[in-house]
Amino acid sequence: MFSGPRGRHVVSCTWEERAALNILVIEDEKKVAQALKKGLEAEEHNVHLSMTGEDGFFRVCAEKFDLVILDLMLPGRDGTEILRTLRQRDVGTPVLVLTARDALEDKILGLDLGADDYMVKPFAFPELSARVRALLRRGRTDQPAKIGLADLEMDLGRRSVVRARRAIPLTAKEFDLLEYLLRNQGHVVTRQMLARDVWKEMLRATPLDNVIDVHIGRLRRKVDDPFATRLIHTVRGVGFILSETPP
Amino acid sequence: MRFRPASVRVRLTLWYTMVLAGIVVALFGAVYLFVRASLVRQLDSEAGAEFLAISQAVAEEPNEIAEMATEMSGRAFRLAGEGVGPYESPAFKAAGLPAIEPGEPAAGQTLTAADGRRFRVRSGPAGHGLLLTVAVPEEPVRGALRTLLVIFVLALPAGLGLAALGGSLMAGRLLRPVAVMAARAEEISAESLSSRLPIEDPSDEFGRLATVFNRMLARLEESFDRLRRFTADASHELRTPLTVIQSVGEVALQEDLDTAAYRDRIGSMLEELNRLSRLVDSLLTLTRADAAAAAVRRTEIDAVRLAARAVEDMRPLAEEKGQDLTLSGGEPVTVQADEGTLRLALVNVLDNAVKYAPAGGTIDVGVRAGNGQVLIEVADNGPGVPAAHVGRIFERFYRVDQSRSGESGGTGLGLAIAKWAVEVNGGRIEYAARDGGGSLFRLVLPVARV
């Protein structure tokens, strides 16, 4: 059993990258590009923008990036073509594809072409941010036995949760939900992310929002209500965030 | 290259006229041959009578041939024999007919004279060792046949022309309903789908054709109406969140608010945006039906396990309303389906049941196989669907209670999506009212291929 000073981070599973990472965003839609730039810069990344396929392609070849965010529908040079050429030239930079086409063939195509991940437009920024974190974290296999926030601790091996030294009994779903929130602590998670990652629901049209809200409510009653500090916060219109301070 | 007139009427008339011409020509040919044969036979018997008359005269008065020849100067004959110089009548001589030697066959034969005239010839022994040859001119017979031919050749085009005219008039009369139908069909557009083609006689071919067309028009009209309703509903559903976003944003810009209040306004806008986004997702799922059907990957899955998972997912919602959600069926039931879409269907039906069953009610989910089908049934003890609405509950945006629009986060597309999702899996969805109240939704799926 862990016995440390109250409020100490046990093991932070989220990988907080302090060194500035270079991210290239190839996106012709100005507003989307600017929003991505601002959002990712707020997470302390260096963000470069390319508005055309040609420009983006030459910059990926010429400069060193840690991640490329690539829109598939580009004027001049199509995104799929850029990706194919990059992979043929053995450029291994991770690529996250953005696409407005969510037909299954396109998804498979994107991954077959060597995309590391894809997101269908319109997407929620918190989700993109989570995907970026996941891609940048890739390869690191730190599997901590325990994760936690403030006085909340979760033992992944024993699947038990303790807050302020008091055991909190959770159902399997509630445990998975809390684990996901803990792993993304400090970052907003959307209902869609929860539906896909906790409920394993791939189709967007499946109505799980109400189900998720009910589970969050129950989790709050167990994890937050008996204690002074609230950890699970609702970000109106976006989703939920686990943090010591309200957003 | 084939000649093919555009008009059915012209084609019919041409065919009819050609067949008629063939028949008439064949008939005339037969008549002509028969008449000619009988005329020739008449000529032959004439020659035979002549032969008999002359040979009798020769037999009675063998020494007065020259005298006799003068008497019968209009007749063409020739007498020859051993030691008797050939004697030819003036008519025979004038024609310059070739001599016929004894032994040659000389009955029913035609000889051509030096001047081109044709003669029917009869020759034979006339007693006293004489050979008699009688020639009868064919000219009168040939003239009659020529006249017959001329009459026919002149009458044929006129007759055929009349027949064609009559045929064309008749064809035009028969085909008139088609022209009327075409003219009416020409006028029918999306705006006037309620009009129908005229039917003169429902039992004939054209009448049946018009009936079939009218039925098609009825179906078209119905789907156009559905589309119109859908467009109206969709624009309403899409405009509502847009209006909220616009007005909240505009009002917030005019006000001088603190950060928290602005956040709240933005959050409110994002909520509506999510609603809009979800709506667009659902609509795209429905409208891309064909493309998605190709993307559906059907594998063998256990319907009981799938139902159990959907029930577990939806249980919290039922619990919040104090409803009893149960699943019956234990043995695995294999079904050939795409797990994602089938789950989508069941979750939507369950979501609907939780929404409409009363607080404290019951929802039973049953899975069973039989008759080559797998049935997943969702039964609730809610108010059920009023009979007048049953036919339309699977339509997009259709709500039994129109005032519920937008309430409880529903898009009004749940059952439409369920229907679509079952159908891409080769199944169907049915609604039945339960005895004693409540709804029963039945997902019927083809059983796995063995």
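Just so you know, these numbers come straight off a predicted model, no measurement behind them.

A. Inspection of helix H1 (residues 30-42) of chain A at higher detail. All names here are of chain A. Helix length check: H1, at 13 residues, gives a terminal C-alpha distance of 18 Å against a target of 18 Å (1.5 Å per residue), a fit within 8%. Every buried residue of H1 is accounted for by Ala33, Leu36, Gly39 and Leu40. Down the axis, H1 shows its buried residues gathered within 135° of arc, on one side only. Counted as exposed and oriented over 90 degrees from the buried face of H1: Lys30, Lys31, Lys38 and Ala42. The inward-facing, buried residues of H1 abut strand S1 (22-26), strand S2 (46-50), strand S3 (67-71), strand S4 (95-99) and helix H5 (125-137). Once H1 finishes, Glu44 follows within two positions and takes phi at roughly 65°, a positive value.

B. Representation of unusual backbone geometry within the structure. Residue and element names in this part refer to chain A. In this model, Lys121 is joined to Pro122 through a cis peptide bond whose omega is -5°. Note that Pro122 resides in the loop between strand S5 (117-120) and H5. The phi torsion at Asp90 lies on the positive side, around 60°, for a residue other than glycine. Structurally, the position occupied by Asp90 is in the loop between helix H3 (79-88) and S4.

C. Here's a closer look at a negative patch on the surface. Together, Glu60(B), Glu61(B), Glu64(B), Glu67(B) and Glu71(B) give the surface a local cluster of negative charge. Structurally, the position occupied by Glu61(B) is in the loop between helix H1 (8-60) and helix H2 (65-71).

D. Fine view of the environment of Lys64(A). Take Lys64(A): it is sitting in the loop between helix H2 (53-62) and S3. Placed 42 residues apart in sequence, Lys64(A) and Asn22(A) show a C-alpha to C-alpha distance of 7.7 Å.

E. Structural context of the packing of helix H6 (residues 259-287) of chain B against helix H10 (residues 414-423) of chain B. Residues and elements named next belong to chain B. Contact geometry for H6 and H10: axes closest at 10 Å, N-to-C directions at 35°. Crossing handedness for the pair H6 and H10: left-handed. Contact with H6, carried on its side by Ser282, Thr285 and Leu286, involves Ala416, Ile417 and Trp420 of H10 and no other residues of that element. Partitioned by chemical class, the residues of the contact of H6 with H10 number 4 nonpolar, 2 polar and no charged.

F. Focus on the nonpolar core. Counting residues in each nonpolar core, the largest one holds 88 residues, and the members touching the most others are Leu194(A), Leu346(B), Leu350(B) and Leu443(B). Ignoring anything within four residues of it in the chain, the contact list for Leu194(A) reads Leu177(A), Tyr180(A), Val189(A), Trp199(A), Ile212(A) and Phe240(A). In terms of nonpolar packing, the next biggest core, distinct from the first, is built from 17 residues, Phe57(A), Leu70(A), Leu86(A) and Val95(A) among them.

G. Focus on the pattern of salt bridges. Residues and elements named next belong to chain B. Counted according to the given criterion, the structure contains 42 salt bridges over all chains. In this structure, Arg228 engages Asp225 in a salt bridge whose closest nitrogen and oxygen atoms are separated by 3.4 Å. In this pair, Arg228 and Asp225 both sit in helix H5 (residues 205-254), 3 residues apart, roughly one turn of the helix. Take Arg228: its relative accessible area is 47%, and that puts it in the partly exposed class. Exposure remark for Asp225: the relative accessible area of 31% places this residue in the partly exposed category.

H. Spotlight on a nonpolar patch on the surface. Residues and elements named next belong to chain B. Together, Val10, Leu14, Trp15, Met18, Val19 and Ile23 line one region of the surface with nonpolar side chains, adding up to about 590 Å² of accessible area. Within the fold, Leu14 resides in helix H1. Of the residues examined, Leu14 reaches a relative accessible area of 35% and is grouped as partly exposed.

I. Up close: the sheet that holds strand S8 (residues 160-163) of chain A. Residues and elements named next belong to chain A. Spatially, S6-S7-S8-S9 is the arrangement adopted by the 4 strands of the open sheet, whose pairing is antiparallel. Looking at the sheet topology across the chains shown, the edges are occupied by strand S6 (146-149) and strand S9 (166-168). The sheet shows a mean angle of 25° between the axes of neighbouring strands, taken without regard to direction. As paired elements, S8 and S9 share 3 bridges and run antiparallel to each other. Considered in S9, the bridge of Val162 is made with Ala167.

J. Highlighting the interface of chain A and chain B. Chain A puts 25 residues into the contact, and the matching count from chain B is 30 residues. Of the roughly 2,400 Å² buried between chain A and chain B, counting both surfaces, carbon and sulfur atoms make up 49%. Looking at the side of chain A facing chain B, the largest losses of area belong to Ala205(A), Pro207(A) and Arg236(A), adding up to 25% of the total buried there. There are 6 salt bridges connecting chain A and chain B. Counting across the interface, chain A meets chain B through 9 residue pairs in polar contact (both at pLDDT 80 or more).

K. Quick peek at the pairing of S6(A). Residues and elements named next belong to chain A. Summarising the sheet, S6 and strand S7 (residues 152-155) pair through 4 bridges and their orientation is antiparallel. Of the residues in S7, the one forming a bridge with Leu149 is Leu152. Connecting the antiparallel pair S6 and S7 is a turn made up of 2 residues, with Ala150 showing a positive phi of about 55°.

Rules used in this analysis
Residues numbered from 1 in each chain as written. Chains lettered and ligands numbered in written order. Predicted model: local features only at pLDDT ≥ 70, side-chain atom pairs only at ≥ 80, totals over all residues. Heavy atoms only, no water. Helix = DSSP H or I, 4+ residues; strand = E, 2+ residues; numbered from the N terminus. Expected span 1.5 Å × (residues − 1). Buried < 20%, exposed > 50% of the residue type's maximum accessible area, 1.4 Å probe, protein only. Arc of directions from axis to C-beta. Contact = heavy atoms within 4.5 Å. Patch = residues over 30% accessible without salt bridge, like charges linked within 9 Å, V, L, I, M, F, W, Y side chains within 5 Å. Areas by Shrake-Rupley, 256 points an atom, 1.4 Å probe, with all protein chains shown as cover. Salt bridge = Lys/Arg side-chain N within 4 Å of Asp/Glu carboxyl O. Lys, Arg positive; Asp, Glu negative; His and termini not counted. Charge placed at Lys NZ, Arg CZ, Asp CG, Glu CD. Axes fitted to C-alpha atoms, helices over the stretch in contact; angles between N-to-C directions. Left-handed = near helix turned anticlockwise from the far one by under 90°. Nonpolar A, V, L, I, M, F, W, Y, C, P; charged D, E, K, R; others polar. Core = buried A, V, L, I, M, F, W, Y, C linked by side-chain atoms within 4.5 Å. Pairing = 2+ DSSP bridges. Buried area = accessible area lost by both parts, 1.4 Å probe. Polar contact = N/O pair within 3.5 Å; in protein donor to acceptor, adjacent residues only side chain to side chain.

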